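# Observations on the three-dimensional arrangement
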Amino acid sequence: MIDKNSPLPIYSQIEECIKGQIMNGELNPGDVLPPEREYSEQFDVSRMTIRQAINNLVNEGLIYRKKGSGTYVAEKKFEQPLQGLTSFTEDMKARGLTPSSKLLKFELIPASAKIAATLQIAEYTPVYEIKRIRLADNIPMALETCYISANLIKGLTEEIINQSLYQYIEEKLRLVIGEATQVIESALANDAEVELLHINKGDSILLIERCTYLKNGTPFEIVRSSYRADRYRFTSQLKRY
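Residues numbered from 1 in each chain as written. Predicted model: local features only at pLDDT ≥ 70, side-chain atom pairs only at ≥ 80, totals over all residues. Heavy atoms only, no water.

Attention shifts here to the sheet that holds strand β4 (residues 99-110). Ordered by their spatial adjacency, 6 strands build an open sheet running β4-β5-β6-β9-β8-β7, and the pairing between neighbours is antiparallel. A single partner strand is all that each edge strand has here, and the edge strands are β4 and β7 (177-188). Put simply, the sheet's adjacent strands are angled 15 degrees from each other on average, direction ignored. Here helix α7 (residues 165-172) sits on the sheet in contact with β6 (139-149), β7, β8 (204-214) and β9 (219-228), set at roughly 160 degrees to β9. (Pairing = 2+ DSSP bridges. Helix = DSSP H or I, 4+ residues; strand = E, 2+ residues; numbered from the N terminus. Axes fitted to C-alpha atoms, helices over the stretch in contact; angles between N-to-C directions. Contact = heavy atoms within 4.5 Å.)

Structural data, given as structure tokens:
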């Protein structure tokens, strides 16, 4: 299995071997990996070499460590292309998953100065504040807080929010959604995110803030989301010209 005469470093060969076992189903999400000592004996290499291969797989997100417990195969991450503008509901349905939400807050509030400036409305104008946990096949994926212009997107109810907001806007209100701008950054999960997303203290999350516009350029929505970094990753296709 390991060619010590190969120009490819031994730790890379071991890394590819373990990765192959994950990809072909010999190792499944949640399975615990053998200890370093066992791998060291199996491949007849030092534990330091094994540790380097394991570290690379951890950094790649294919496996993860639990302190005092061992190293486990990670769940497969959902990939979200950055090119298209879709709602969470539309995205999950396209993957053959069942989307759902747990609504934590739904009320009208006066827009703060920051929210008003982003939505291009007067300060204290009513906006919907919606806070919810977004789930796929009943697995918490993201904690999301939305601010939506109430004078523009009228008639929102909890029932509508629990279905597809974008579908309601386009099919019921006959408004055309155009584009969005968003910023993505990484952070450590806070106590609320740890509890609501069922993750561990010290885990990473992907923070995303998006402002969505109608086709005529009017902003109608601010979305601030905390995505589980162990279950989600974003992809983009870049062209030189």
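Following the structure, the description resumes.
Moving on: the UniProt feature "domain: HTH gntR-type" (unreviewed entry) in the chain. Following the UniProt record, one finds the feature "domain: HTH gntR-type" (unreviewed entry) at residues 8-76. Segment residues 8-76 splits into 52% helix and 12% strand. End C-alpha atoms: 27 Å apart. (UniProt positions renumbered as here; feature names shortened; annotations may be inferred.)

Burial in helix α2 (residues 36-43) covers these residues: E36, Y39, S40 and F43. Projected down its long axis, α2 shows its buried positions confined to an angular sector of 105 degrees, all on one face. Taken together, the buried residues of α2 touch α1 (10-23) and α3 (47-60). Downstream of α2 by one or two residues, D44 has phi in the positive range, about 55 degrees. (Buried < 20%, exposed > 50% of the residue type's maximum accessible area, 1.4 Å probe, protein only. Arc of directions from axis to C-beta.)

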